[in-house]
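Listed below, chain by chain, are the residues.
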Amino acid sequence: MKSRGYYVFNGAVSLEGKLEQVECWGETGDDVFFNQPFEALHHNMHVSYKRCCKWVLVLGLLLGTLFHFWGPSSNLEEDLRPRRGSAIQALLSGKIYHIMSDYSEIPYKVKENVARELAQNTCICLAGEETFHLPFSDLLFPRVWAHNLQHAFLETRPDPDNVKNHRAEEYHHFQKRSYSPVDMLIIAEANNPLQYPTQGLEVQPLKTVIIPGLGLRQEDRGNYMFETEGHQSFFTIKVGHRVVPKLYNSGQSEGYNITSLVTIATKTFLRYDKLKDLIDSIRQFYPTVTIVIADDNEHPQPVTGPHIEQYIMPFGKGWFAGRNLAVSQVSTKYVLWVDDDFIFTANTQLEKMVDILEKTTLDLVGGAVREVTGYTATYRHKISVEEGGEDGNCLHIRNGYHHVIKGYPNCVVADAVINFFMAQTDKIRQVGFDPRLSRSAHLEFFIDALGILHIGSCSDVIVNHASKIKLPWTKTEAQKTYEKFRYSSNSANNDLHNEVFYFKNRFKCMTSQ
């Protein structure tokens, strides 16, 4: 009896428990048995049983093997290393270089004033020359100063060559991590009959899309290929998950509900009297807005009241670490940063800041700080980075702004603003604050934010600055201790700032006004 199909057995059992008659029906190859005697059928069943066991064993092994390869397993590996080079990239780079440099038949000359604006990849930092010297000339005509970060930092290292090599390795790794094929320049050559997307095509992992715009623009043919008459087309497909939106439910109301849109964040250290004045001034205009306080005092005092959250830090943890802590606890769409010695007035209208953030592409907008002398500061700066080759780039900081924002005559676009600003919570967390910068730091945050945050400054949103003028004999012990921490300048702090700029940000020098 050949076993290759299915069987159904019906049996009758006597009182003694012996099988007297068995009926077998079904597909058995060429033979079908009906009402066979038990002895003959028993032999056939025994042979069939052995064959079935063999097949079950083989099938089990096969299924186990398939499950091992197809099922979820921790042994499966996927190469997630960042890759920067490829054959296609090399080919495109060569073609682009040929296209951009092959103008031998066209005589041209680059104007000197244009050439000065072109990147040379050999940046240098030069201090401004003093043309004349008069009393207060530096205030009236501020000169550019320059600082050689490479020299200042490496001269204190016992093995400067090793530091340079380590920085170069870190930079190379950063380039591989941050590289994306969609960043590569692609030029569609003229008279190419192929139509295809050059950038912007996206597909989710393990999903399928129809390539939009793919076509051949030439005379009719019976057969079309993607490569024809020597023409080849390459384009980048971005593979990745779609960004999941993160929305804030601030309620429905006319105008801007500042309480549901904004959280005020600050850090305090040895200035509880100033902090109390700040809170009292906020409550005069915004009684229900949440205030988040980061506190790194050695002996913290409880700061209580409705809508106040106080978070205690290790003693003297520092300025930027406190910013990180405070911002991490914000649950509203926007966060307003204030120093603990600011005072709100009728001119501190947060609605104006929210309005420009809601209606423009800005991620952060600064205001203005009015001193007791009546002077109002906005602290607007332009920051640029110039390519400098293997030794690092050059950082240039200048006073001023880029342009006025249309529809907001008191607001401009800049790269760094004063220490009173409102920002999108998610975006400011994306940049973060370097916690090593504990006592004096401000521009460092905006340097880290280059290319990430779109920044503006509005001069018509003003907060007052409490007076810092104190006669020496009227200063309290807390004030003396605060000044010791705040204004102390030593070689360790200077070395840290040099390290941040030289190693972390890969600058070799900087200039500023």
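The structure under discussion appears in the preceding block.
The structure displayed is predicted, hence computed values, not measured ones. Position numbers for residues count from 1 along each chain, tracking the sequence in the order it is written. Residue-level local features of this predicted model are given only where pLDDT is at least 70; pairs of side-chain atoms are given and counted only at 80 or more, and the full residue set underlies all totals for whole chains, interfaces and linings. Hydrogen atoms and water are omitted, and side-chain values are computed over all heavy atoms in the structure.

Student: So, the pairing of strand β13 (residues 364-370): which residues are in play, and what are the values?
Tutor: Along β13, 6 of the 7 residues are buried, which leaves the element largely enclosed by surrounding structure. A pair of strands is considered paired only if DSSP assigns at least 2 bridges between the two. Working definition: helices are DSSP H or I runs of at least four residues, strands are E runs of at least two. Numbering for both runs from the N terminus. Note: β13 against strand β19 (residues 421-424), 3 bridges, orientation antiparallel. Counted as the bridge partner of L364 is A423 from β19. With 6 bridges connecting them, β13 and strand β20 (residues 455-465) associate as parallel partners. The classification of residues rests on relative accessible area computed with a 1.4 Å probe and restricted to protein chains. Under 20% of the type maximum is buried, over 50% is exposed, and intermediate values are partly exposed.

Student: So what's going on with the state of the cysteines? Which residues, and what values?
Tutor: What counts as a disulfide here is a pair of cysteine sulfur atoms lying within 2.5 Å. Under the counting rule described, the total for this entry stands at 3 disulfides. Shown here is the disulfide that connects C123 with C394, its sulfur atoms set 2.1 Å apart. Judged by the sign of its S-S torsion, about 85°, the cystine formed by C123 and C394 is right-handed. Placement of the pair is C123 in the loop between α3 (112-115) and α4 (137-140) and C394 in strand β16 (residues 393-399), with a sequence separation of 271 residues. Each disulfide in the protein links cysteines that, numbered along the sequence, combine into the pattern 1-3, 2-6, 4-5.

Student: How would you sum up the packing of aromatic side chains? Please name residues and give values.
Tutor: Here the aromatic set is Phe, Tyr and Trp, taking the six-membered ring for Trp, and pairing holds for ring centres within 6.5 Å; pairs whose planes are under 30 degrees apart are stacked, those over 60 apart are edge-to-face, and all others are tilted. Going through the model one piece at a time under the given rule, you end up with 11 aromatic pairs. A centroid spacing of 5.3 Å and a plane angle of 65° characterise the contact between F320 and F433, whose relative ring orientation is edge-to-face. Residue F320 is located in helix α9 (residues 319-328), and its partner F433 is located in the loop between α11 (425-431) and α12 (443-448); the two are separated by 113 residues in the primary sequence. Assessed through its relative accessible area of 6%, F433 is described here as buried. Taking 6.1 Å as the distance between ring centres and 75° as the angle between the ring planes, the aromatic pair formed by F421 and F446 counts as edge-to-face. One end of the pair, F421, is in strand β19; the other, F446, is in helix α12, with 25 residues separating them in the sequence. Taken as a pair, F421 and F446 share a single burial class, namely buried. Taken together, the ring pairs connect F320, F421, F433, F445 and F446 into an aromatic cluster. To sit over a ring, a charge needs its Lys NZ or Arg CZ within 6 Å of the ring centre and within 35 degrees of the ring normal. A cation over a ring is seen here: R167 above Y502, with NZ or CZ 4.0 Å from the ring centre. Positioned above the aromatic ring of Y171, the side-chain terminus of R506 is 3.6 Å from the ring centre.

Student: Outline the pattern of salt bridges, supporting the account with residue identities and numerical values.
Tutor: What makes a salt bridge here is a side-chain nitrogen of Lys or Arg within 4 Å of a carboxyl oxygen of Asp or Glu, nothing more. Taken as a whole and assessed by the stated rule, the structure comprises 15 salt bridges. Across the salt bridge formed by D280 and K276, the nearest N and O atoms sit 3.0 Å from each other. Here D280 pairs with K276, and both are found in helix α8 (residues 272-285), just 4 residues apart, close to one helical turn. Taking the relative accessible area as the measure of exposure, D280 reaches 42% and is therefore partly exposed. Overlapping salt bridges, with partners in common, bring together D434, R436, D448, E499 and K504 in one network.

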